[in-house]
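# Examination of the molecular architecture
As a plain string of letters, each chain reads:
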Amino acid sequence: MSRLHDELARIADHAPDVDLTERVLRGARRRRAAFASAAVVTAAAVTIVAMITLTVIGAGPKAAPMTGAPVASPGRGELPVKGVGPAAYAYYDWCGDELASGTARLHGRDCLQWKLVTRTGERYRVPEARSAHAGKTDDDYMLNAPPMRISADGRKIAYYSEKDRRFAVRDLESGVILLAPPVVADPDIRRNAAQIALSADGRYLAVSVTDVLNTLTDLETGDVAEIPAGWTVHNVGAGGGPVVVGDTGRLGLFAGGEVTPFAGRAWHTPGPASPDGTAIAYLSRAYPENGGSTDPADLDAEIATVDAVTGEARTGVRLRDAPEDLLPLSLGPWLNPTEVTMLARELDARPAKGEGNVLGFDTYAIDVTTGRTRKLHTYSFPAWAGGLVLPGF
């Protein structure tokens, strides 16, 4: 795991992180103590795990993966067709502008595309991925982008291919692209919330588009599993499991076509399985012991774990040494057997003041046994709003 820690350190030398507009922040302030806001931000921001068998995946219809899908010769600054090293992060921004309704000027701007940065510092635009767009209308200042994900090893990326009208997973080294079924029209992407989850090995892709589809696909065999209505996949482990799903008030494990909810109260922001594959960490809120208040403003942040097979509670401790206004966005890879990484930001935080519009986000390590929280790195990039994705988050 020290190797993973070294990689995170290397990423920190040149990085940004995940999307928040002022409108989202205003909503987050109203819900600042509720971790539900973290789930909302993750979905709006366009924010991994080991135990389901291929017989379960095979319960659905077969996909028709595209192997070696052709990609047009890249233009200047675009992602090469193949031969690209592992990704350190991907992001999009608002060209550094604070855009207002009616003045978005979105079309034809390279800065509104997803960009990918490799571990060795190369930076490429990814025009094959659906670019950022302005909500339901071109004048709406709520800029969004279909989600992108990066496999834990940085070797594969998942995104919505506007040309193919399907979600795709691309191997950066070989250039091979696999497409997940079914076709999803671009208007559906614009109108509905889209979420995707890429397994740690890049083989399994879960896609959820509100009122359109909710599936988990094995991209190597083409087998598809339907996720039960009301649940959305948050994380998929290497080899296809465990599969962590959630609805508006619960988390659970998906296997055999069914969902087993986690024991206990409603939880949010799940992460991948522990290095030994036995536990899943998630963030939640714990009610204070003094007086039993149920006011969200009185809740304390908690890091908890459950059994990766049964969903039964294992540990739960309050966070220590974390900033008061911390807004967690997602959990990522484990650094060691007891520490899991977290991507977060402070409400209203604007690092690098005086340098124009700059978004800043941080990664932390959380010890699941003690709750101790330590800051790892700060990621920032010029923008008024935008989004960033780290491998394995």
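Residues numbered from 1 in each chain as written. Predicted model: local features only at pLDDT ≥ 70, side-chain atom pairs only at ≥ 80, totals over all residues. Heavy atoms only, no water.

## Quick look at unusual backbone geometry
Cut-off, in case you're wondering: The helix count covers DSSP runs of H or I at least four residues long, the strand count covers runs of E at least two residues long, and both are numbered beginning at the N terminus.
Across the junction of Pro 181 and Pro 182, the peptide omega takes the value -10 degrees, indicating a cis bond. Structurally, the position occupied by Pro 182 is in the loop between strand E9 (177–179) and helix H5 (186–191). Of note, the amide linkage connecting Gly 241 to Pro 242 takes the cis form, showing an omega dihedral of -5 degrees. Looking at the element boundaries, Pro 242 is found in the loop between strand E14 (232–236) and strand E15 (243–246). Positive phi, normally seen in glycine, also occurs at Arg 165, with a value near 60 degrees. Take Arg 165: it is sitting in the loop between strand E7 (156–161) and strand E8 (166–171).

## As for the pattern of salt bridges
We apply this condition: Between Lys or Arg on one side and Asp or Glu on the other, a salt bridge is scored when a side-chain nitrogen of the former is within 4 Å of a carboxyl oxygen of the latter. Accessibility here uses a 1.4 Å probe with only protein chains present; expressed as a share of the type maximum, an area under 20% marks a residue as buried, one over 50% as exposed, and anything in between as partly exposed.
One pass over the structure, following the stated rule, counts 11 salt bridges. A salt bridge links Arg 130 to Asp 186; its shortest N-O distance comes to 2.6 Å. Here Asp 186 lies in helix H5 and Arg 130 lies in the loop between strand E3 (123–125) and strand E4 (133–134), a separation of 56 residues in the sequence. The exposure classification of Arg 130 matches that of Asp 186, with both residues buried. Between Lys 375 and Asp 362 there is a salt bridge, with the nearest N and O atoms lying 3.4 Å from each other. With Lys 375 in strand E25 (residues 373–382) and Asp 362 in strand E24 (residues 358–367), this residue pair connects regions lying 13 residues apart in the sequence. Here Asp 362 falls in the buried class, since its relative accessible area comes to 9%. Beyond isolated ion pairs, a larger network of salt bridges with shared partners links Arg 130, Glu 162 and Asp 186.

## Description of the confidence of the model for the protein chain
Definition in use: Note: pLDDT gives the predictor's confidence per residue, expressed from 0 to 100. Here, two residues are considered to be in contact whenever any of their heavy atoms come within 4.5 Å of each other.
Here the protein chain averages 76 in pLDDT, while 67% of its residues score no lower than 70. The weakest mean pLDDT in the protein chain belongs to helix H4 (residues 54–57) at 29; the strongest belongs to strand E6 (residues 149–150) at 97. Counting interchain partners and residues more than four positions distant, the pLDDT-below-50 stretch residues 1–5 has 10 contacts. Residue range residues 7–61 is modelled with pLDDT below 50. Its contacts to residues more than four positions away, or to other chains, number 173 contacts.

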